[in-house]
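The chain contents come next:
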Amino acid sequence: MKVFLTGLSHHTAPVEVRERLAIAEAELPEALKELRAHSGAHEALILSTCNRVEVAVTAESEAAAGRIVDFLAARRRLDPDWLNGFVYRYEDREAIRHLFRVASSLDSMVVGEPQILGQLKTAYAAAREQGAVNGFLDAVLTRAFAVAKRVRSETGIARSAVSVSSAAVDLARQIFGNLRDKRVLLIGAGKMSELAARHLLTAGCGLILVTNRTRARAEEMALAVGGQVLNYENFRDRLHEIDIVLTSSGAPEYLLRKDEMQRVLERRRNRPMFLIDIAVPRNVAPEVNQIENIYLYDIDDLGRTVEQNRRARAVEAEQAEQIIDGEIARLVERLKSREVTPTIVAIQHQLDAISRAELERLRPRLGELSPQQEEALQAYTRALLNKIAHGPMTELRRAATRPEGDRVINVIRRVFRLDAPADFEE
């Protein structure tokens, strides 16, 4: 069994590409069914966040991996050749390494941020619920979660982490200075929005308003951050009162456009307004940034503001990479050993069958044996066959961890005729 991973992220694709490929959490069950039917993969996982869309599968051949880009393109009616320009592909050890790095937040826009681990666990839970993860990939993902825990507990990579949300608050301070008299509107009440609200609370913002299509969720967040709920149907009527707007809604189209925001700024008498769009797909039309005194930042802009923080954590990241290297080596050895276990068991069964067959053929020549003699004879044959099998079985276990191991395993299977009908007669 082989592991394949295909995806795109903030490293390879701008937000305008990522938002076209994004798969909402509610879409995951159907998407997983389509993926397995389309690719023929044994197992499958889809991870879709604001910064990445990745698909991991297990399969016997590379054909399944080759169909992943076609699957992603077909879902959004895109040209696969165009999409290939943004995609990366990993196989086996490198695929496992990538999953470990993603879980440990080493591949994140903000190294050390905690959100990605929760997002990966949500993707894993969705795949488990659909029966799409139940074997080889399950073992890889379970270990990825353990590796992430080790990285966070044994390095300082998370202690100084700056999230995208906190980076947004830092930008707000640069624009307005003191935030104590500023009014904030959160459009969307997801996890990212809640994190931003908590950072804004810490920064001392004067008033936080929350609006969301589902009012119950808006009320829940407003209670958590000491804010007030604004009806989703008429939040635009209050935009001129707002200094900072943070959008993280799952709306499929732009919620705020240039002409509307020009009118809002006029009502504000051109007082500065800060828009933070951390949604993917984006909630604010990019043209809004052309309006003087409106400062619009999207998820990629925020990523650039924290690049300096990423470099500062290079030493901690290097230590985390060493942890991952060790964990990969152990996991690959375990998985490979698990793969040869059926061959070892088959050899043992075959040798046992040979032993019993030869004893039955020899028994008429031996006459009647006492229980002690019978036991001694069986012990002798078992010991003899175990010594014969020791060399091949040791070599099987060694071969499991080597690049050329499959060839050695196939030779041993042929020597013991494991792929041919059993025939113990001379």
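Treat the numbers as computed from the prediction; the structure is a model and nothing was measured.

Criteria and cut-off values
- Residues numbered from 1 in each chain as written.
- Predicted model: local features only at pLDDT ≥ 70, side-chain atom pairs only at ≥ 80, totals over all residues.
- Heavy atoms only, no water.
- Phe/Tyr/Trp six-rings, centres within 6.5 Å; stacked < 30°, edge-to-face > 60°.
- Helix = DSSP H or I, 4+ residues; strand = E, 2+ residues; numbered from the N terminus.
- Buried < 20%, exposed > 50% of the residue type's maximum accessible area, 1.4 Å probe, protein only.
- Lys NZ or Arg CZ within 6 Å of the ring centre and 35° of its normal.
- Axes fitted to C-alpha atoms, helices over the stretch in contact; angles between N-to-C directions.
- Parallel < 35°, antiparallel > 145°, perpendicular 65-115°, else oblique.
- Left-handed = near helix turned anticlockwise from the far one by under 90°.
- Contact = heavy atoms within 4.5 Å.
- Nonpolar A, V, L, I, M, F, W, Y, C, P; charged D, E, K, R; others polar.
- Pairing = 2+ DSSP bridges.
- Patch = residues over 30% accessible without salt bridge, like charges linked within 9 Å, V, L, I, M, F, W, Y side chains within 5 Å.
- Areas by Shrake-Rupley, 256 points an atom, 1.4 Å probe, with all protein chains shown as cover.
- Salt bridge = Lys/Arg side-chain N within 4 Å of Asp/Glu carboxyl O.

**Details of the packing of aromatic side chains**
Consideration 1: Summed over all chains, the structure comprises 5 aromatic pairs.
Consideration 2: Here Trp82 and Phe86 contribute two aromatic rings whose centre-to-centre distance is 5.1 Å and whose plane-to-plane angle is 65 degrees, an arrangement assigned as edge-to-face.
Consideration 3: On the basis of an interplanar angle of 80 degrees and a centroid distance of 5.6 Å, the ring pair of Phe274 and Tyr297 is categorised as edge-to-face. Of this pair, Phe274 sits in strand E9 (residues 273-277) while Tyr297 sits in strand E10 (residues 294-298), and the two are 23 residues apart along the sequence.
Consideration 4: Look at Tyr297 and you get partly exposed, because its relative accessible area is 24%.
Consideration 5: Lying across the ring of Phe145, Lys121 places its NZ or CZ 5.7 Å from the centre.

**A word on the packing of helix H9 (residues 164-176) against helix H10 (residues 191-203)**
Consideration 1: Contact geometry of H9 with H10 gives a least axis separation of 8 Å together with a crossing angle of 40 degrees. What the angle tells us is that H9 and H10 run oblique. Judged by the sense of rotation from one axis to the other, the crossing of H9 with H10 is right-handed. Contacts between H9 and H10 pair Val164, Ser165, Ser166, Val169 and Arg173 from the former with Met192, Leu195, Ala196, His199, Leu200 and Ala203 from the latter.
Consideration 2: For the contact of H9 with H10, the residue count by class is 7 nonpolar, 3 polar and 1 charged.

**Concerning the sheet that holds E9**
Consideration 1: Pairing within the open sheet is parallel, and its 6 strands lie in the order E7-E6-E5-E8-E9-E10. Edge positions in the sheet fall to strand E7 (228-229) and E10, since each of these pairs with one other strand and no more.
Consideration 2: Set on the sheet, H10 makes contact with strand E5 (183-187), strand E6 (207-211) and strand E8 (244-247); between it and E5 the angle comes to about 170 degrees.

**Focus: a nonpolar patch on the surface**
Consideration 1: Residues Tyr380, Leu384 and Ile388 make up a contiguous nonpolar surface patch of about 310 Å² in total accessible area.
Consideration 2: Structurally, the position occupied by Tyr380 is in helix H16 (residues 371-399).
Consideration 3: Residue classification places Tyr380 among the exposed positions, given a relative accessible area of 53%.

**With respect to the pattern of salt bridges**
Consideration 1: Scanning the model with the defined rule gives 29 salt bridges in all.
Consideration 2: The salt bridge involving Arg75 is made with Glu27; its shortest N-O contact spans 2.9 Å. On the criterion of sequence distance, the pair formed by Arg75 in helix H4 (residues 68-75) and Glu27 in the loop between helix H1 (15-21) and helix H2 (28-39) is long-range, its members being 48 residues apart.
Consideration 3: We classify Glu27 as partly exposed; its relative accessible area is 28%.
Consideration 4: Across the salt bridge formed by Arg236 and Glu260, the nearest N and O atoms sit 3.0 Å from each other. Note that Arg236 is positioned in the loop between E7 and E8 and Glu260 in helix H12 (residues 258-267), a separation of 24 residues in sequence.
Consideration 5: Assessed through its relative accessible area of 34%, Arg236 is described here as partly exposed.
Consideration 6: A single network of salt bridges, built from pairs that share partners, joins Arg52, Glu54, Arg101, Asp107 and Glu321.

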